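Structural description and commentary
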Amino acid sequence: MKLTSLMLAVSLSTAALAQNVAPFQNAQTGRSYKSLQAAVDSIGTGDGTIIIAPGTYRQCAVQKSGNIAFRAAIPGQSILEGKICEKKAALILRGQATRVDGIIFQNLQGPAAKGAGIRLEKGDLSVTRAVFRNSEQGILVLDDPRSKISIDQSSFSGLGRCGRGLPCTQGVDIGRVGTLSITKSRFERGNGGHYIKSGAARVTITDNAFDDSRGRATSFMVDLPIGANGSISRNIFVQGQSKADDSIFIAIASERRTQSSDELSINANEATIASGTTKAAAFVADWSGDRLALGGNRLGPGVKPFEKRAR
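Right, let's walk through the structure included here.

Cut-offs and rules
- Residues numbered from 1 in each chain as written.
- Predicted model: local features only at pLDDT ≥ 70, side-chain atom pairs only at ≥ 80, totals over all residues.
- Heavy atoms only, no water.
- Helix = DSSP H or I, 4+ residues; strand = E, 2+ residues; numbered from the N terminus.
- Rg over C-alpha atoms; globule rule 2.2 N^0.38 Å.
- Buried < 20%, exposed > 50% of the residue type's maximum accessible area, 1.4 Å probe, protein only.
- Contact = heavy atoms within 4.5 Å.
- Lys, Arg positive; Asp, Glu negative; His and termini not counted.
- Charge placed at Lys NZ, Arg CZ, Asp CG, Glu CD.
- Pairing = 2+ DSSP bridges.
- Axes fitted to C-alpha atoms, helices over the stretch in contact; angles between N-to-C directions.
- Core = buried A, V, L, I, M, F, W, Y, C linked by side-chain atoms within 4.5 Å.

The next subject is the overall build of the chain. When its secondary structure is counted, the chain shows 2 helices and 34 strands. Over its C-alpha trace the chain gives a radius of gyration of 20 Å, about what one expects of a compact globule, namely 19 Å for 311 residues. Projected onto its principal axes, the C-alpha coordinates of the chain cover approximately 60 × 50 × 35 Å. Split into buried and exposed, the 311 residues of the chain put 54% on the buried side. Pairs at least 24 apart in sequence give 68% of the contacts found in the chain among residues at least 6 apart. For the chain, the distance from the average position of its 39 positive side-chain charges to the average position of its 26 negative side-chain charges is 5 Å.

What follows is the structure, given as structure tokens:
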């Protein structure tokens with residue numbers, strides 16, 4: 001047998017084994033389940049961790065309560081693919097808090113063109129070492145001013161969508177929450193909408209990479225549509241050619257100003273336009289009129305530091 005055929009056979013055998021055994025373990029009780037939803041239900045209103053064995057699973061789950069951690073047994077080898085609950089997301093979260101570690105979410109679509117990896121409807125969310133790819137959305141968070149959102153060491157690619165007479169979807173779409181932190185993560189190859197859209201009152205967006213060179217019909221790298229305080233720093237931005245809006249990298253209060261952006265710090269970033277693109281763009285476009293703190297950004301040819309915009 002050729003090496004490639006042998007590797008394929010081993011891969012298929014591993015996937016089949018993962019599906020045939022009970023791959024979702026309640027770490028507190030030690031009991032394993034064939035259904036991800038059954039594992040979630042076993043935690044109920046309490047605190048618990050679900051360990052997901054390596055494999056690809058066409059399953060989804062709704063967390064109705066409690067404090068739950070979803071953790072890949074081996075980071076990057078547990079995949080939730082092609083299945084959404086309530087026509088919305090692979091994981092729908094309505095508990096007190098949720099942690100997601102090392103899981104891949106991919107190929108997720110919904111009838112309303114809003115298929116997401118994670119949909120948070122209430123509570124806090126922490127995501128680390130996760131992958132979101134080739135779906136209509138990565139993470140969608142609904143309004144909850146008490147919520148705290150943290151995303152670290154994760155990647156987002158092939159996300160977003162515009163068209164079909166429906167509102168655009170984004171790679172990461174955060175409603176009106178208390179705080180948002182996105183660190184050490186990568187965004188690339190968007191398929192429409194913004195890479196990050198956030199209504200959080202305070203943001204920390206630092207040490208990330210945004211590569212739009214292979215994006216299609218994308219808009220802003222970061223959109224803070226109602227304003228925000230906090231910091232956007234030490235990020236690398238590359239804007240591509242295929243844009244729905246190629247005039248802005250970062251937008252402040254683009255829809256309306258309902259939150260102060262006074263002293264929002266945007267510093268120590270690097271922004272360039274991919275080769276073959278000649279149109280100039282503003283690194284920061286501001287509709288708020290607030291006192292932004294800009295400085296130390298390294299901007300390539302054709303990137304203007306700042307534009308004040310009016311409605």
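So, on to the sheet that holds strand β21 (residues 186-188). In spatial order, the strands read β4-β7-β10-β13-β16-β21-β24-β27-β30-β33; together these 10 strands make up an open sheet with parallel pairing. The two strands at the open ends of the sheet, each matched to only one other strand, are β4 (55-57) and β33 (298-299). Strand direction decides the pairing type here: β4 and strand β7 (residues 78-81), joined by 3 bridges, are parallel. Bridging across to β7, Thr-56 finds its partner in Ile-79.

Turning our eyes to something else, we now look at the sheet that holds strand β31 (residues 281-286). Sheet strands associate in pairs through backbone hydrogen bonding, adopting either a parallel or an antiparallel arrangement. The sheet built from 10 strands is open, its strands ordered β5-β8-β11-β14-β19-β22-β25-β28-β31-β34 with parallel pairing. Pairing within the sheet leaves two strands with one partner each, and these edge strands are β5 (61-63) and β34 (303-308). For this sheet, the mean inter-axis angle between neighbouring strands, taken without regard to orientation, is 10°. Packed onto the sheet, helix α2 (residues 36-43) meets β5 and β8 (89-93) and runs at close to 15° relative to β5.

By size, the foremost hydrophobic cluster in this structure holds 70 residues, and its most contacted members are Ile-50, Phe-70, Leu-91, Phe-105, Ile-118, Phe-249 and Ile-250. The greatest single-element share of this core, amounting to 5 residues, is contributed by strand β28 (residues 248-252). Contacts of Ile-50, omitting those with residues within four sequence positions, involve Phe-24, Gln-25, Leu-36, Ala-39, Val-40, Ile-43, Ile-68, Ala-69, Phe-70 and Arg-71. In terms of nonpolar packing, the next biggest core, distinct from the first, is built from 6 residues, Cys-60, Val-62, Cys-85 and Ala-89 among them.

Structural measurements only, silent on function.
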